[in-house]
Amino acid sequence: SSGIAAEMNYIPNEFARNLSMQTTNTIGIIVRDITNPFYAKICRAIENTASEHAYTTLILNTDGIREKELNAIRVMSGQMVSGLSSISAAKIQIS
């Protein structure tokens with residue numbers, strides 16, 4: 001019961017829970033340059049909204065480099081993000 005869990009300082013394994021439910025409650029954000037105030041404001045707004053709905057965010061910078069953007073998409077897919085936002089000026093094609 002929850003009393004025993006609290007008494008034992010049990011911390012649920014989110015990775016195991018996510019794997020069994022095939023969801024992560026994580027929103028992935030692929031951004032060209034987080035240090036750019038324009039992108040930073042967008043990321044912050046997404047993060048605030050996600051947090052209000054019990055989601056976390058995972059932000060990856062790409063520096064506008066196509067290969068880094070494609071890799072970021074692969075990483076996000078591997079992390080089983082629940083949603084993905086790409087804020088980038090580079091053109092990429094997903095096949």
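This structure is a prediction, so every number in the text was calculated from the model and none was measured.

*Asks:* Explain the confidence of the model for the chain to me, using residue names and the numbers behind them.
*Replies:* Per-residue confidence for the chain gives a mean pLDDT of 84, with 77% of residues at or over 70. Mean pLDDT values for the elements of the chain range from 61 in helix α2 (residues 14-21) up to 96 in strand β2 (residues 56-61).

*Asks:* Report on a nonpolar patch on the surface, specifying residues and quantitative values.
*Replies:* Residues I4, M8 and Y10 make up a contiguous nonpolar surface patch of roughly 390 Å² in combined accessible area. Along the chain, I4 turns up in helix α1 (residues 2-7). Judged by relative accessible area, I4 falls into the exposed class, the value being 55%.

*Asks:* Could you give me a rundown of the side chain of T26, with the residues and numbers involved?
*Replies:* If you trace the backbone, T26 turns up in strand β1 (residues 26-31). Excluding anything up to four places from it in sequence, T26 contacts Y55, T56, T57, L58, V81, S82 and G83.

*Asks:* Which residues make up helix α3 (residues 37-52), and what are the values?
*Replies:* End to end, α3 covers 22 Å across 16 residues, agreeing with the expected 22 Å (1.5 Å per residue, within 8%). Those residues of α3 that fall on the buried side of the exposure criterion are Y39, C43 and A50. Looking straight down α3, one finds its buried side chains confined to an arc of 30 degrees; they lie on one side. Exposed and facing more than 90 degrees away from the buried side of α3 are P37, F38, K41, R44 and E52. The secondary structure elements touched by the buried residues of α3 are β1, β2 and β3 (83-87). Among the residues of α3, the N-terminal cap falls to N36, whose side-chain oxygen and the backbone nitrogen of F38 are separated by 2.8 Å.

Cut-off values and rules
- Residues numbered from 1 in each chain as written.
- Predicted model: local features only at pLDDT ≥ 70, side-chain atom pairs only at ≥ 80, totals over all residues.
- Heavy atoms only, no water.
- pLDDT = per-residue confidence, 0-100.
- Helix = DSSP H or I, 4+ residues; strand = E, 2+ residues; numbered from the N terminus.
- Patch = residues over 30% accessible without salt bridge, like charges linked within 9 Å, V, L, I, M, F, W, Y side chains within 5 Å.
- Areas by Shrake-Rupley, 256 points an atom, 1.4 Å probe, with all protein chains shown as cover.
- Salt bridge = Lys/Arg side-chain N within 4 Å of Asp/Glu carboxyl O.
- Buried < 20%, exposed > 50% of the residue type's maximum accessible area, 1.4 Å probe, protein only.
- Contact = heavy atoms within 4.5 Å.
- Expected span 1.5 Å × (residues − 1).
- Arc of directions from axis to C-beta.
- Polar contact = N/O pair within 3.5 Å; in protein donor to acceptor, adjacent residues only side chain to side chain.

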